[in-house]
Amino acid sequence: MILNDILTIPKDDAVAFTFFTGYMAMLAASIFFFFERSRVDDKWKLSLLVSGLITFIAAVHYYYMRDYYVATGDNPTVLRYIDWTLTVPLMCVEFYLLTKAAGAKVDLLWKLILASVLMLVAGYIGEAFVPLNADGSPSDGATSHSVMWGVISTIGYIYILYTAWFGEVAQLAKNSESEVVKTGVRILAWFVLVGWAIYPIGYMCMPGGWLNTAFGWGSQNVDLFYNIADAINKIGFGLVVYNIAISSSKKAA
Ligand SMILES: *C/C=C(C)/C=C/C=C(C)/C=C/C1=C(C)CCCC1(C)C
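Residues numbered from 1 in each chain as written. Predicted model: local features only at pLDDT ≥ 70, side-chain atom pairs only at ≥ 80, totals over all residues. Heavy atoms only, no water.

How do you make sense of the environment of Gly184 when you look at a structure like this?
Locating Gly184 in the fold gives a position in helix 8 (residues 179-195). Using a relative accessible area of 3% as the deciding quantity, one classes Gly184 as buried. (Helix = DSSP H or I, 4+ residues; strand = E, 2+ residues; numbered from the N terminus. Buried < 20%, exposed > 50% of the residue type's maximum accessible area, 1.4 Å probe, protein only.)

If you want it as structure tokens, here you go:
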């Protein structure tokens, strides 16, 4: 059944294309991070393991989301948010591990995780429970529902953004003795500012969303944006951490 569906992907289905390439890229990245662990100093091994876990967890979810999408043509919203609920907190762990040597405490990690849970739970309610008519078109309350939950979600996002740019993470990185950590954390903060901002664009493509009503961007574009953003953020984020680890490892020099 699945084989049959794969063979019948329409040539012009960009969303299906990003699901397939996204899956393979996540898997390849995981293998890369797991193998490269042996090349970095011991203190970096956990960071690389977490990078590999982020892309591996995503790969498993892409495997299912891909087939779900090809079989139904619908947004795999539940799988998407399960994936994010596991991977975004792990990205918070990366920030914590990088700034730990400069004095980061576990409560920094918990604050970041709480903010990401707020961001994701609100986003999930906004997407999964948007009021629709029987034919899938947005019903009366759809726009206000998605705007309200989108705004609540953005509060969590802004908290993380603030922490990475000006708050505790930024301060700790500034005090770090390592130049590599300083610039690395700054690059990760750019990922949070630019790469993560792609997700709300996808969110606004759902029925009743601004890009959907104003520009007619169909709801399949939700996944197009999410897939592109995931590739940039999960693999890119991991590569930055990898670069920090390799550059500051004596072994690799
Ligand atoms: C690997 C997955 C990542 C880095 C996912 C990040 C997701 C976001 C930054 C989502 C943000 C959202 C908003 C800021 C408002 C609208 C709802 C969301 C959940 C799409």
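Further notes follow.
Would you explain the packing of helix 3 (residues 42-72) against helix 4 (residues 77-100) in this entry?
Relative orientation and spacing of two packed helices are given, respectively, by the angle between their axes and the distance between those axes. The interhelical angle for the contact between helix 3 and helix 4, taken along N-to-C directions, is 170°, at an axis separation of 10 Å. As summarised for this structure, helix 3 and helix 4 are arranged roughly antiparallel, according to the angle between their axes. Looking at the contact of helix 3 with helix 4 residue by residue, the class counts come to 18 nonpolar, four polar and three charged. (Axes fitted to C-alpha atoms, helices over the stretch in contact; angles between N-to-C directions. Parallel < 35°, antiparallel > 145°, perpendicular 65-115°, else oblique. Nonpolar A, V, L, I, M, F, W, Y, C, P; charged D, E, K, R; others polar.)

Please clarify how the site of the ligand should be interpreted in this entry.
Within the structure, the ligand sits among 18 residues, and Trp84, Met119, Ser153, Tyr199 and Lys234 are positioned closest to it. Burial of the ligand by the protein amounts to 99% of the accessible area it has alone, namely 530 Å². The pocket occupied by the ligand, as judged from atoms lying within 2 Å of grid points, is the largest pocket. Secondary-structure elements contributing two or more residues to the shell around the ligand are helix 4, helix 5 (106-128), helix 6 (142-165), helix 9 (198-203) and helix 11 (220-247). Considering each element in turn, the shell around the ligand owes the most residues, five residues, to helix 4. In terms of residue class, the shell around the ligand is made up of 11 nonpolar, five polar and two charged. (Near = heavy atom within 4 Å. Areas by Shrake-Rupley, 256 points an atom, 1.4 Å probe, with all protein chains shown as cover. 1 Å grid on protein atoms, 1.4 Å probe; cavity = no way out; pocket = protein on both sides within 12 Å on 5 of 7 lines; lining within 4 Å. Sits in = over half its atoms within 2 Å of the grid points.)

Mind showing me how you'd approach the packing of aromatic side chains here?
The description of an aromatic ring pair rests on the distance of the ring centres and on the angle between the ring planes. In total, this model carries 20 aromatic pairs according to the counting rule given. Ring geometry for Trp84 against Tyr199: centres 5.0 Å apart, planes inclined by 80°, an arrangement best described as edge-to-face. With Trp84 in helix 4 and Tyr199 in helix 9, this residue pair connects regions lying 115 residues apart in the sequence. Of the residues examined, Trp84 reaches a relative accessible area of 6% and is grouped as buried. Ring centres 5.0 Å apart and planes at 80° place the aromatic pair Trp165 and Trp190 in the edge-to-face group. Of this pair, Trp165 sits in helix 6 while Trp190 sits in helix 8, placing them 25 residues apart in sequence. The exposure class assigned to Trp190 is partly exposed, which follows from its relative accessible area of 46%. Taken together, Tyr81, Trp84, Tyr124, Phe129, Tyr199 and Tyr226 form an aromatic cluster joined through their ring pairs. (Phe/Tyr/Trp six-rings, centres within 6.5 Å; stacked < 30°, edge-to-face > 60°.)

When you look at a nonpolar patch on the surface in this model, what are you seeing that I'm missing?
The grouping of Ile31, Phe34, Phe35, Leu53, Phe56, Val60, Tyr63 and Tyr64 at the surface amounts to a nonpolar patch, some 750 Å² of accessible area in total. Elements represented by at least two residues in the nonpolar patch include exactly helix 2 (14-36) and helix 3. A total of five residues in the nonpolar patch trace back to one element, the largest contributor, which is helix 3. Checked against the element boundaries, Leu53 lands in helix 3. (Patch = residues over 30% accessible without salt bridge, like charges linked within 9 Å, V, L, I, M, F, W, Y side chains within 5 Å. Salt bridge = Lys/Arg side-chain N within 4 Å of Asp/Glu carboxyl O.)

When you look at the layout of surface pockets in this model, what are you seeing that I'm missing?
Any empty space left between atoms is shown by rolling a water-sized probe over those atoms. Volume-wise, the largest pocket comes out at about 510 Å³. What lines the largest pocket is a set of 27 residues, among which Ser153, Thr154, Tyr199, Pro200 and Tyr203 lie closest to the centre. Secondary-structure elements contributing two or more residues to the lining of the largest pocket are helix 4, helix 5, helix 6, helix 9 and helix 11. The greatest single-element share of the lining of the largest pocket, amounting to eight residues, is contributed by helix 6. Counted by class, the lining of the largest pocket contains 16 nonpolar, nine polar and two charged residues. Counted as a void, the second largest pocket has a volume near 410 Å³. Those elements that provide at least two residues to the lining of the second largest pocket are helix 4, helix 5 and helix 11. Each residue belonging to the lining of the second largest pocket can be placed in one class, and the counts come to 10 nonpolar, six polar and two charged. (Points joined across faces, edges and corners; volume = space filled by probe spheres on them.)

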